[in-house]
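The chain contents come next:
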Amino acid sequence: KESSGINAEYGDIREQHEGPQNAEIFTALPGSAADKVAIKTGYDKFLSVALDGSISGRSEAIGVREEFQISFHDGYQVLQGCNGRYFTFNKDGTIGCTSESVKENNKVVVRTRGDKERKVETLAEKEKKGNVREYETNYVKMFQKFQDKKLKISKNSVKDLKTARKEGRFHEEMLDRREKMKSDRYCM
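Residues numbered from 1 in each chain as written. Predicted model: local features only at pLDDT ≥ 70, side-chain atom pairs only at ≥ 80, totals over all residues. Heavy atoms only, no water.

**Remarks on the pattern of salt bridges**
Step number 1: Counted under the stated rule, the structure contains seven salt bridges.
Step number 2: A salt bridge links Arg 169 to Glu 173, with the shortest nitrogen-to-oxygen separation between them at 3.1 Å.
Step number 3: Judged by its relative accessible area of 29%, Arg 169 is partly exposed.
Step number 4: Salt bridges sharing partners connect three or more residues here, namely Asp 74, Glu 104 and Lys 107. (Salt bridge = Lys/Arg side-chain N within 4 Å of Asp/Glu carboxyl O. Buried < 20%, exposed > 50% of the residue type's maximum accessible area, 1.4 Å probe, protein only.)

In structure tokens, the structure reads:
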């Protein structure tokens, strides 16, 4: 039976000036919380954890299954999948989220070219600080067709948006407002 996991074996040793192949490039992107990341492959797909703990690299977008929680254990980083199990390097060269406790094959060493001490602000943190009317305008611009070259934004009070932001349903409220306007191609 062929494994659906990603082969994590080391590639051939190359000269210093040679770059990595696409299969060897992974990019960590900020997740929905400060301690979560999504991992994008060199083929512009995201690593995703299945319910059985297997990992595949076929997802087009970030969802719950594509986020990994970062924590530290004995000076090493460990990644925990959505199934509550730890990212594991298996002996057959595949990876998965199958280990219930941290072992030697769960420890990850991350090399980056970025700044080590840089606070990355999540989208949720940015939304908490900003003006709700500006966020609604930007959100509507992403989805609205401009056939008449006019932006159609709800004339209702922004109090509903402020309340929704406090209750954690900000995007849901913006979608409801767009749906009531029926002003874009995605809300019908």
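Okay, back to it.
**A short note on the pairing of strand E3 (residues 46-49)**
If a strand is regular, its side chains alternate between the two faces of the sheet.
Step number 1: The alternating pattern of E3 places Phe 46 and Ser 48 on one face and Leu 47 and Val 49 on the opposite face, and all of these are buried.
Step number 2: If you look at the hairpin formed by E3 and strand E4 (residues 55-59), you'll find five residues sitting between the two strands, and Gly 53 has a positive phi there, around 95 degrees. (Helix = DSSP H or I, 4+ residues; strand = E, 2+ residues; numbered from the N terminus. Pairing = 2+ DSSP bridges.)

**Here we look at the environment of Ala 28**
Step number 1: Considering the arrangement of structural elements, one finds Ala 28 in strand E1 (residues 26-30).
Step number 2: Between the C-alpha atom of Ala 28 and that of Thr 41, which follows or precedes it by 13 residues, the distance is 9.0 Å.
Step number 3: Setting aside chain neighbours within four positions, we find Ala 28 in contact with Val 37 and Ala 38. (Contact = heavy atoms within 4.5 Å.)

Remember that the coordinates give geometry; whether it matters functionally is a separate question.
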